[in-house]
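Okay, here's what each chain looks like letter by letter:
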Amino acid sequence: MTPFDTALRVQRREVDTMKVSISVEVERITTLETQARTHDARMLQERALATSLPIASDAWTARMKAERARLDEAAYLAQARLGRLRAQAVEAYGTMRAIEGAAERYQDEAERTIALGEQSASDDIAAARFLRARAIVKKRSA
């Protein structure tokens, strides 16, 4: 456990949320591209049919152009959102990595402190044994 664990969990959730948002936006763009291709194919079919019939299709053509413009605008906006989401994801990921690094450094420092404490205790025990042995040798030689 480190003081960074909570921040790290929050940041990981944010990164996960960004991944989901990016996936949704990519799916939206894919759907819009499919709709645009379908729209273009339908326009070609309808234009071919309209040229063979003696009816006016100006209103229909205007409506189809407006629909295509709407699809293009929606795709443009989705691409812009995707770009912003990707930039936010890069920032969130960078923050998460920085927090992970701080947590690792904290953990390493805690482990070093424990190891130094254990080494100091071992040194103290060894010194006490040495002094006791020395005192015993002095008593015997005196």
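Our subject is the structure listed above.
The present account deals with the structure reproduced in this document. In this text, all values refer to a predicted model and were calculated from it rather than measured experimentally.

What follows concerns the overall build of the chain. Check the secondary structure of the chain and you find two helices and zero strands. Relative to the globule expectation of 14 Å for 142 residues, the C-alpha radius of gyration of the chain, 36 Å, shows a markedly less compact shape. Over its C-alpha atoms, taken along the principal directions, the chain stretches across nearly 135 × 20 × 15 Å. Burial analysis of the chain (142 residues in total) assigns 20% to the buried set. Contacts in the chain between residues far apart in sequence, at least 24 positions, make up 87% of those at least 6 positions apart.

Side chains bearing opposite charge may pair, as long as their charged atoms lie close to each other. Enumeration over the complete set of coordinates arrives at eight salt bridges. Here Glu109 makes a salt bridge to Arg112, at a shortest N to O gap of 3.0 Å. One end of the pair, Glu109, and the other, Arg112, are both in helix 2 (residues 58-141), three residues apart, so they sit about a helical turn from each other. On the basis of relative accessible area, Glu109 is assigned to the partly exposed category, the value being 42%. A single salt-bridge network, built from bridges that share partners, covers Arg12, Arg97 and Glu100.

Turning to a nonpolar patch on the surface, a few remarks are in order. A surface patch of nonpolar side chains, about 280 Å² in accessible area, is lined by Leu49, Leu53 and Ile55. Within the fold, Ile55 resides in the loop between helix 1 (5-52) and helix 2. On the accessibility criterion, Ile55 (57% relative accessible area) is exposed.

So, about the packing of helix 1 against helix 2. Relative orientation of the contacting elements helix 1 and helix 2 amounts to 160°, with a least axis distance of 8 Å. Here helix 1 lies roughly antiparallel to helix 2, going by the angle between them. The two elements helix 1 and helix 2 cross, and the hand of that crossing is left-handed. Partitioned by chemical class, the residues of the contact of helix 1 with helix 2 number 23 nonpolar, seven polar and 14 charged.

Procedures and definitions
- Counting restarts for each chain: residues are numbered from 1 in the order of the written sequence.
- Local features in this predicted model are restricted to residues of pLDDT 70 or higher, and side-chain atom pairs are both shown and tallied only at a pLDDT of 80 or more, whereas totals for entire chains, interfaces and linings draw on every residue.
- Based on all heavy atoms of the structure, the side-chain values leave hydrogens and waters out of the count.
- Comment: elements are numbered from the N terminus, with helices defined as DSSP H or I runs of at least four residues and strands as E runs of at least two.
- We take the radius of gyration over the C-alpha atoms and set the globule estimate at 2.2 Å times the residue count to the 0.38 power.
- Accessibility here uses a 1.4 Å probe with only protein chains present; expressed as a share of the type maximum, an area under 20% marks a residue as buried, one over 50% as exposed, and anything in between as partly exposed.
- By definition, residues are in contact when any of their heavy atoms lie within 4.5 Å.
- Here, a salt bridge means any side-chain nitrogen of Lys or Arg that lies within 4 Å of a carboxyl oxygen of Asp or Glu.
- Distance thresholds for patches are 9 Å for like charges and 5 Å for nonpolar side chains (Val, Leu, Ile, Met, Phe, Trp, Tyr), applied to residues having over 30% relative accessible area and no salt bridge.
- The Shrake-Rupley method, run with a 1.4 Å probe sphere, supplies the accessible areas, and residue values consider only the shown protein chains as cover.
- For helices, the axis comes from a line fit to the C-alpha atoms of the stretch in contact; other axes are also lines fit to C-alpha atoms, and the angle between any two N-to-C directions lies between 0 and 180 degrees.
- When describing relative orientation, an angle under 35 degrees is termed roughly parallel and one over 145 degrees roughly antiparallel, while 65 to 115 degrees is termed roughly perpendicular and anything else oblique.
- Less than a right angle of anticlockwise turn of the near helix away from the far helix marks a crossing as left-handed, whereas a clockwise turn marks it as right-handed.
- Classification used: nonpolar for Ala, Val, Leu, Ile, Met, Phe, Trp, Tyr, Cys and Pro, charged for Asp, Glu, Lys and Arg, polar for all others including Gly.

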